[in-house]
Amino acid sequence: MIRKLVIFGVGLIGGSLALALRQANACQTIVGCSRNAEHLQKAVDLGVIDSFSLDPAEAVRDADMVLLAVPMGAMRHLLQQIKPVLPADAILTDAGSTKGSIVAEVAQVFGADFSRFVPGHPIAGREKSGVEAAIPDLYVNRRVILTPQAHTDADAIAKVEAMWRVTGALLEQMPVELHDQVLAATSHLPHVLAFSLVDTLLNMPQREDILRYAAGGFRDFTRIASSDPVMWRDICLTNKAAILAVIAAFQQNLGEFAELIDAQDGEALHNRMEKAKYARDNYVAQFEKQEK
Ligand SMILES: NC(=O)c1ccc[n+]([C@@H]2O[C@H](COP(=O)([O-])OP(=O)(O)OC[C@H]3O[C@@H](n4cnc5c(N)ncnc54)[C@H](O)[C@@H]3O)[C@@H](O)[C@H]2O)c1
Ligand SMILES: O=C(O)C(=O)C[C@]1(C(=O)O)C=C[C@@H](O)C=C1
């Protein structure tokens, strides 16, 4: 049982965790903290948190668990505010989408041997943001990846794992670098592509007709281009090397598709598409099996 959980950034991710913990009675008190009193009051009104404070020092007093769930670009400033007031026995964790930058920032602000920080990332979300989008079952059967380091306290890891397990999540651990490479491929690249596709079409002279006649394919492919630009700008800026590497691989592959189309090589095109369809069908089938 968590005594006092403080959530910095009570939006989709922090709010959904709070709802799941409250539903399971796994936490005595949940306190929200950010810069926006109106958003925090809404979180209280929606029954997501018990109370809030705009003052990090007041918020973290007596806390045993502190979660950072703000955009990646806001993490460093928060860490600096929390550092002088974090109780010695409290656990600090986060839900950020990239891990290399937050791990480096915690080392800079708290010291390279700070053992009470457990980096985390729920691999679940939606294109909607804010506390109004929070739902208690967001994490059911979804993976939560922790990227602890050699010096991370084992008890702190166990407590963060236990917190996420309450939500129905499946826990895994992974090295920071591998996390950032894998997520660049499966999450960051698709978002960049969705934003870039819409941006490309907006710059075409026929854009009005293009959007008027766009149907299911466009809608499915671009759902994630409705995601929060601040969050995605920050993800791109904090996972630069891995994202550039997958963009380069994708450009190469897209160039090959263009060459095959130009050469009217139907057989090679069909083979590549068939291979991709097979892989995608198998990927989707795992979820269909889980849902049955
Ligand atoms: N949305 C997703 O699908 C998803 C999935 C996994 C992880 N994440 C990560 O979780 C974090 C939160 O994402 P979200 O989708 O909940 O976003 P959100 O916009 O729904 O919530 C973010 C919250 O942070 C607050 N905030 C923003 N800037 C702040 C600042 N400078 N100082 C203090 N508070 C600030 C906002 O008021 C809001 O309450 C991000 O780091 C994101 O990368 C998102
Ligand atoms: O389902 C969505 O809308 C998401 O974008 C969720 C998603 C992803 O799958 O890429 C986005 C960012 C995260 O850090 C984790 C999950």
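From a predicted model like this one, the values you see are computed outputs, not experimental measurements. (Residues numbered from 1 in each chain as written. Chains lettered and ligands numbered in written order. Predicted model: local features only at pLDDT ≥ 70, side-chain atom pairs only at ≥ 80, totals over all residues. Heavy atoms only, no water.)

Trainee: Describe the site of ligand 2, with residues and values.
Mentor: Residues in contact with ligand 2 amount to 13 residues; listed here are only the nearest, Ser 97, His 121, Ser 187, His 191 and Arg 223. Between ligand 2 and Ser 97 there is a distance of 2.7 Å, counted from an oxygen atom to a side-chain nitrogen or oxygen. The separation between an oxygen atom of ligand 2 and a polar main-chain atom of Glu 127 is 3.4 Å. Of all the secondary-structure elements, those providing two or more residues to the shell around ligand 2 are strand E7 (120-122), helix H7 (176-202) and helix H10 (229-238). Grouping the constituent residues of the shell around ligand 2 by class yields 5 nonpolar, 5 polar and 3 charged. When residues are assigned to domains, the shell around ligand 2 turns out to be shared by domain 1 (2-174) and domain 2 (178-291), each giving three or more. (Near = heavy atom within 4 Å. Polar contact = N/O pair within 3.5 Å; in protein donor to acceptor, adjacent residues only side chain to side chain. Helix = DSSP H or I, 4+ residues; strand = E, 2+ residues; numbered from the N terminus. Nonpolar A, V, L, I, M, F, W, Y, C, P; charged D, E, K, R; others polar. Domains from an automatic or database assignment.)

Trainee: Hey, could you go over the environment of Ser 53 for me, with residue numbers and the actual values?
Mentor: Take Ser 53: it is sitting in strand E3 (residues 51-53). Distance from Ser 53 to Ala 37, taken between C-alpha atoms, is 8.0 Å for residues 16 residues apart in sequence. Apart from residues no more than four positions distant in its own chain, Ser 53 is found in contact with Val 31, Gly 32, Cys 33, Ser 34, Leu 40, Glu 58 and Ala 59. Reaching out from Ser 53, the side chain makes a polar contact with the backbone nitrogen of Asp 55 at a distance of 2.9 Å. (Contact = heavy atoms within 4.5 Å.)

Trainee: A description of the UniProt feature "domain: Prephenate/arogenate dehydrogenase" (unreviewed entry) in the chain should follow, citing residues and the corresponding values.
Mentor: UniProt's entry tags residues 3-291 with the feature "domain: Prephenate/arogenate dehydrogenase" (unreviewed entry), counted in the numbering of this structure. Spanning residues 3-291, this segment combines 54% helix with 13% strand, and its end C-alpha atoms are found 34 Å apart. (UniProt positions renumbered as here; feature names shortened; annotations may be inferred.)

Trainee: Explain the domain arrangement of the chain to me, using residue names and the numbers behind them.
Mentor: One frequently used descriptor of interface size is the decrease in accessible area upon assembly of the parts. With domains assigned, the chain is organised as domain 1 (2-174) and domain 2 (178-291). Taken residue by residue, the interface counts 19 residues in domain 1 and 18 residues in domain 2. Regarding the contact of domain 1 and domain 2, the summed buried area is about 1400 Å², with carbon and sulfur atoms giving 62% of it. When the buried surface of domain 1 facing domain 2 is broken down by residue, Thr 98, Glu 127 and Met 174 rank first, second and third, together holding 37% of it. The interface formed by domain 1 and domain 2 contains 1 salt bridge. Across the pair Arg 223 and Glu 127 runs a salt bridge, and its minimum N-O distance is 2.5 Å. Connecting domain 1 to domain 2 are 6 residue pairs in polar contact (both at pLDDT 80 or more). Each residue belonging to the side of domain 1 that touches domain 2 can be placed in one class, and the counts come to 6 nonpolar, 9 polar and 4 charged. (Buried area = accessible area lost by both parts, 1.4 Å probe. Salt bridge = Lys/Arg side-chain N within 4 Å of Asp/Glu carboxyl O.)

Trainee: Which residues make up the side chain of Lys 4, and what values go with them?
Mentor: Inspection of the secondary structure puts Lys 4 in strand E1 (residues 2-8). Among buried Asp, Glu, Lys and Arg side chains, Lys 4 stands out as unpaired, with Asp 62 the closest opposite charge at 5.6 Å. Within the local environment of Lys 4, its side chain forms a polar contact with the backbone oxygen of Ala 59, the two atoms lying 2.8 Å apart. Separated by 2.5 Å, the side chain of Lys 4 and the backbone oxygen of Arg 61 make a polar contact. (Buried < 20%, exposed > 50% of the residue type's maximum accessible area, 1.4 Å probe, protein only. Lys, Arg positive; Asp, Glu negative; His and termini not counted.)

Trainee: If you had to explain the nonpolar core to someone new, which residues and values would you point to?
Mentor: Ranked by internal contacts, the top residues of the largest apolar core, which has 38 residues, are Leu 5 and Trp 164. Elements with a contribution of two residues or more to this core: E1, helix H1 (12-23), strand E2 (27-33), helix H2 (37-45), strand E4 (65-68), strand E8 (143-146) and helix H6 (154-166). Val 6, Phe 8, Phe 117 and Val 176 belong to the second largest nonpolar core, which has 26 residues in total. (Core = buried A, V, L, I, M, F, W, Y, C linked by side-chain atoms within 4.5 Å.)

Trainee: Quick one: what's the story with unusual backbone geometry, residue by residue and with numbers?
Mentor: Not every positive phi belongs to a glycine, and Asp 62 is a case in point at roughly 65 degrees. The exposed category is assigned to Asp 62, whose relative accessible area is 53%. At Gln 264, a position not held by glycine, the phi torsion is positive, near 55 degrees. Along the chain, Gln 264 falls in the loop between helix H11 (240-262) and helix H12 (266-291).

Trainee: Give a detailed account of the confidence of the model for the chain, specifying residues and quantitative values.
Mentor: When pLDDT is averaged along the chain, the result is 96, and 100% of the positions lie at 70 or above. Across the predicted assembly, pTM comes out at 0.97 and ipTM at 0.98. (pLDDT = per-residue confidence, 0-100.)

Trainee: Break down the sheet that holds E8 for me, citing the residues and quoting the values.
Mentor: Ordered in space as E7-E8-E9, the 3 strands form an open sheet in which the pairing is mixed. In the strand order of this sheet, the two ends are held by E7 and strand E9 (170-173), each with one partner. For this sheet the average axis-to-axis angle between neighbouring strands, irrespective of direction, equals 20 degrees. Relative to E9, H6 is tilted by about 150 degrees, and along the sheet it contacts E7, E8 and E9. (Pairing = 2+ DSSP bridges. Axes fitted to C-alpha atoms, helices over the stretch in contact; angles between N-to-C directions.)

Trainee: Can you explain the sheet that holds E2? Please cite residues and give values.
Mentor: One open sheet accounts for 6 strands, arranged E3-E2-E1-E4-E5-E6; its pairing is parallel. Taken across any chain shown, the strands that pair with only one partner, and hence form the sheet edges, are E3 and strand E6 (117-118). Here E2 pairs with E3 via 3 bridges, running parallel. Opposite Cys 33, over in E3, you have Ser 53 as the bridge partner. Along the sheet face, H1 touches E1, E2 and E4 and points at about 165 degrees away from the line of E2.

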